[in-house]
4 protein chains.
Amino acid sequence: MKVAFDPNMPIYIQIMDFIKKQIITGQLQQGEKLPSVRDLAAELQTNPNTVQRALQELEREGIAEARRGMGRYVTHEGEKIMEMKRDMSKELISAFVSGMEALGVSEEEMLMLVQSALEQRKGEAR
Amino acid sequence: MKVAFDPNMPIYIQIMDFIKKQIITGQLQQGEKLPSVRDLAAELQTNPNTVQRALQELEREGIAEARRGMGRYVTHEGEKIMEMKRDMSKELISAFVSGMEALGVSEEEMLMLVQSALEQRKGEAR
Amino acid sequence: MKVAFDPNMPIYIQIMDFIKKQIITGQLQQGEKLPSVRDLAAELQTNPNTVQRALQELEREGIAEARRGMGRYVTHEGEKIMEMKRDMSKELISAFVSGMEALGVSEEEMLMLVQSALEQRKGEAR
Amino acid sequence: MKVAFDPNMPIYIQIMDFIKKQIITGQLQQGEKLPSVRDLAAELQTNPNTVQRALQELEREGIAEARRGMGRYVTHEGEKIMEMKRDMSKELISAFVSGMEALGVSEEEMLMLVQSALEQRKGEAR
DNA sequence: GTGGTCTAGACCACC
DNA sequence: GTGGTCTAGACCACA
């Protein structure tokens, strides 16, 4: 798996997002073992310390769990994962709505803009 | 005008947004004189260097213009302002749509989520 | 017997404490045979290596004794057991007193806090 | 100020405790500026990264606040500081009481042991 | 100057 | 082998 890091954002945050995405899409299941710090670092071509930090932050968020000498695992609590999804979508929506409001865009326009963006995507995907 | 800065984002970016918002809402008109660096710094209770940087960036974007010895002005070109609005809204939309897609949210759900968020806002604003 | 391990402390230390507690409460008597490494590991659902290490440390402290081919036994010397108790309580007291002192808590308050904690425990135990 | 680090505990935790103690004893006041990462590292003869980590953790606990380019400050919220003190004393008490209970020490004995430890301290201090 | 991030390399405790 | 911590040294964004 190739990942190109955006130089404008901390790499450790991008690693967190990368793993979260894998959990969301089911590539990583509840309770499944995560790759080791060293392996992930090799795969992502970053420093192990950076990966370590990303995983530790995920742990603080309750999404990962470390077991000494045994590696790290995705949390067993499905609730935590649902919570993560909810938080992410809430954040996306509120950023969008409040940003558009500041631009003076009406509600109808917002909905129309989203719809046309979606159609455009479909066109490109073909 | 009271402005609370988000400590997780560069202040100069937040100052740029603050001024852009004023242009969009018409509080600052096309070609109108902008407050001086010193005044803005006093009003926003920030370091003048930070304000300076924000205004310089706005100049780079073509939204502000400096006239030596006379201060800075909002650009006269209406086109620039329209462009700014368009860019901002495009960015907001694409961040929203691609983010939601990654979460596995369907198109219908996206529209519904936006709608319900808008209704909630109205409720709170009362 | 169910034991939940605190993930912030070495498991082998927790196993040592677990066994010490059993000796103190009399569930394990002076000179009694200790369960085998394999059995303990199965009971506690841990790695046998970890149990092995815990028992070795107990040996070093003079609390357990190994007899080749016959397993491990709680020491026969009652003195050793008393010593263990004394050490543990001394450590607990000095950690408590010096910690509270650093917090600026007066002697009277310390005693009162302990008393109220004890009463609360009784309430919960009901 | 000389500080000797206990090699059995993470240094960054000890730095956290060191600063907390200074806040508790009033050597650092609410809202006061903390020494910079580099200065503290020099003073404590440790690596700046280690200090950085300690301060970041304090921030997560709400005890310190960072302002970009301006340094770090003790939180302005007195409530947070009180909370910190309460947490620390609660932890000390429950560790003591539950530890003693496991040793089979009665309530009266606990209180007596604390009292005699306090008297001994006074004797030594003379 | 100040905090934030990153790399490289090392050592330790634990399993 | 696995996670956790630490050092040394560097670069960047920010004020």
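Residues numbered from 1 in each chain as written. Chains lettered and ligands numbered in written order. Predicted model: local features only at pLDDT ≥ 70, side-chain atom pairs only at ≥ 80, totals over all residues. Heavy atoms only, no water.

Trainee: Even after reading the chapter, I still don't get the UniProt feature "domain: HTH gntR-type" (unreviewed entry) in chain A, so can you show me in this structure?
Mentor: UniProt tags residues 9-77 of chain A as "domain: HTH gntR-type" (unreviewed entry). The span residues 9-77 of chain A is 51% helix and 12% strand, and its two end C-alpha atoms sit 29 Å from each other. (UniProt positions renumbered as here; feature names shortened; annotations may be inferred. Helix = DSSP H or I, 4+ residues; strand = E, 2+ residues; numbered from the N terminus.)

Trainee: It is not clear to me how the interface of chain C and chain D should be interpreted in this structure. Could you clarify?
Mentor: Each partner contributes to the interface: chain C provides 28 residues, whereas chain D provides 28 residues. Each partner contributes to the roughly 2500 Å² buried at the junction of chain C and chain D, and carbon and sulfur atoms together form 79% of this total. Inspection of the chain C/chain D interface yields 4 salt bridges. Among the salt bridges present, the one from Glu107(D) reaches Lys122(C), with a minimum N-O distance of 3.8 Å. Where chain C packs against chain D, one counts 2 residue pairs in polar contact (both at pLDDT 80 or more). (Contact = heavy atoms within 4.5 Å. Buried area = accessible area lost by both parts, 1.4 Å probe. Salt bridge = Lys/Arg side-chain N within 4 Å of Asp/Glu carboxyl O. Polar contact = N/O pair within 3.5 Å; in protein donor to acceptor, adjacent residues only side chain to side chain.)

Trainee: I would appreciate a short explanation of the relation of the copies chain C and chain D in the present structure.
Mentor: Both copies of the chain are related through a single rotation about an axis accompanied by a shift along the same axis. Of the transformation placing chain C onto chain D, the axial shift is 0.3 Å and the rotation is 179 degrees, giving an RMSD of 0.4 Å. This pairing of chains is accounted for by a two-fold axis. (Least-squares fit on C-alpha atoms with pLDDT ≥ 70 in both.)

Trainee: Explain the protein's contact with DNA strand E here, please?
Mentor: DNA strand E sits among 26 residues. The nearest are Ile11(A), Asn49(A), Thr50(A), Pro10(C) and Arg72(D). In DNA strand E, atoms within 4 Å of the protein come from the sugar-phosphate backbone in 66% of cases. Note that a sugar or linking oxygen of DNA strand E is positioned 3.5 Å from one of the backbone N or O atoms of Gly71(D). Among the secondary structure elements, those contributing two or more residues to the surface near DNA strand E are α1 (11-24) and α3 (48-60) of chain A, α1 (11-24) and α3 (48-60) of chain C together with α2 (37-44), α3 (48-60) and β2 (71-74) of chain D. Here the surface near DNA strand E is built from residues that sort into 9 nonpolar, 12 polar and 5 charged. (Near = heavy atom within 4 Å. Nonpolar A, V, L, I, M, F, W, Y, C, P; charged D, E, K, R; others polar.)

Trainee: Would you mind showing me how to read α3(D) here?
Mentor: Since there are 3.6 residues in each turn of an α-helix, residues three or four apart along the chain are aligned in direction. All names here are of chain D. For α3, with 13 residues, the first-to-last C-alpha span of 18 Å sits near the 18 Å given by 1.5 Å per residue. Inspection of α3 places Val51, Ala54, Leu55, Glu57 and Leu58 among the buried residues, and these make up the whole buried set. Taken end-on, α3 shows its buried residues confined to a sector of 155 degrees, consistent with a single buried face. Elements that come into contact with the buried residues of α3 comprise α1 (11-24), α2, β1 (64-67) and β2. The distance from a side-chain oxygen at the start of α3 to the backbone nitrogen of asparagine 49 is 2.7 Å, and the residue carrying that oxygen is asparagine 47. (Expected span 1.5 Å × (residues − 1). Buried < 20%, exposed > 50% of the residue type's maximum accessible area, 1.4 Å probe, protein only. Arc of directions from axis to C-beta.)

Trainee: I would appreciate a short explanation of the pattern of salt bridges in the present structure.
Mentor: The final tally for this structure, using the stated rule, is 28 salt bridges over all chains. Here the salt bridges share partners, and the residues they tie into one network are Arg53(A), Glu57(A) and Arg60(A).

Trainee: Hey, could you run me through the pairing of strand β1 (residues 64-67) of chain B in this one?
Mentor: Along a regular strand, successive side chains alternate from one face of the sheet to the other. Residue and element names in this part refer to chain B. Sheet analysis places β1 next to strand β2 (residues 71-74), joined by 4 bridges and oriented antiparallel. Directly across from glutamate 65, in β2, lies its bridge partner tyrosine 73. Counted between consecutive antiparallel strands, the loop separating β1 from β2 contains 3 residues, among which glycine 69 sits at a positive phi close to 75 degrees. (Pairing = 2+ DSSP bridges.)

Trainee: Sorry, what's going on with the protein's contact with DNA strand F here?
Mentor: As a matter of local geometry, DNA strand F sits amid 27 residues, with Arg72(A), Pro10(B), Ile11(D), Asn49(D) and Thr50(D) nearest to it. Each atom of DNA strand F within 4 Å of the protein was assigned to sugar, phosphate or base; sugar and phosphate come to 66%. Arg38(A) places a polar side-chain atom, nitrogen or oxygen, 3.0 Å from a base nitrogen of DNA strand F. For the surface near DNA strand F, the secondary-structure elements that each account for two or more residues are α2 (37-44), α3 and β2 (71-74) of chain A, α1 (11-24) and α3 (48-60) of chain B together with α1 and α3 of chain D.

Trainee: How do you make sense of the domain arrangement of chain A when you look at a structure like this?
Mentor: One widely used convention gives an interface's size as the accessible area the parts lose upon coming together. Residues and elements named next belong to chain A. Domain boundaries assigned for chain A yield domain 1 (11-76) and domain 2 (79-125). Averaged C-alpha coordinates put domain 1 and domain 2 at centres separated by 27 Å. When domain 1 packs against domain 2, the two sides together hide about 610 Å² of surface, and 84% of this comes from carbon and sulfur. The largest per-residue losses of area from domain 1 upon contact with domain 2 belong to Lys20, Ile24 and Ile63, which jointly make up 52% of the total buried on that side. Joining domain 1 to domain 2, the criterion identifies 0 salt bridges. Our count for the contact surface shared by domain 1 and domain 2 stands at 0 residue pairs in polar contact (both at pLDDT 80 or more). The element best represented in the side of domain 1 that touches domain 2 is α1, accounting for 3 residues. (Domains from an automatic or database assignment.)

Trainee: Looking at this model, I keep getting lost on unusual backbone geometry. Mind explaining?
Mentor: Glycine aside, a negative phi is what most residues show, and trans is what most peptide bonds show. Residues and elements named next belong to chain C. The backbone phi angle of glutamine 45 is positive, close to 55 degrees, even though this residue is not glycine. Relative to the helices and strands, glutamine 45 resides in the loop between α2 (37-44) and α3. For glutamine 45, a relative accessible area of 66% corresponds to the exposed category.

Trainee: What am I meant to see in the packing of helix α4 (residues 78-102) of chain A against helix α4 (residues 78-102) of chain B here?
Mentor: The axes of two packed helices give the description: the angle between them and the distance between them. Following both chains from N to C, one finds α4(A) and α4(B) inclined at 160 degrees, their axes separated by 10 Å at the closest point. Between α4(A) and α4(B), the angle is such that the two are roughly antiparallel. In this structure, α4(A) meets α4(B) at a crossing whose hand is left-handed. Where α4(A) approaches α4(B), its residues Ser89(A), Leu92(A), Ile93(A), Ala95(A), Phe96(A), Gly99(A) and Met100(A) are matched on the opposing element by Ser89(B), Leu92(B), Ile93(B), Ala95(B), Phe96(B), Gly99(B) and Met100(B). Residue composition of the contact of α4(A) with α4(B), grouped by class: 10 nonpolar, 4 polar and no charged. (Axes fitted to C-alpha atoms, helices over the stretch in contact; angles between N-to-C directions. Parallel < 35°, antiparallel > 145°, perpendicular 65-115°, else oblique. Left-handed = near helix turned anticlockwise from the far one by under 90°.)

Trainee: Whenever I open this one, the side chain of Gln14(D) confuses me. Can you help?
Mentor: Topologically, Gln14(D) is positioned in helix α1. Residues in contact with Gln14(D), not counting those within four places in the same chain, are Ala4(D), Phe5(D), Asp6(D) and Met9(D).

Trainee: Whenever I open this one, the environment of Leu40(A) confuses me. Can you help?
Mentor: Mapping Leu40(A) onto the fold places it in helix α2. When the C-alpha atoms of Leu40(A) and Gln56(A) are compared, they prove to be 14 Å apart, with 16 residues separating the residues in sequence.

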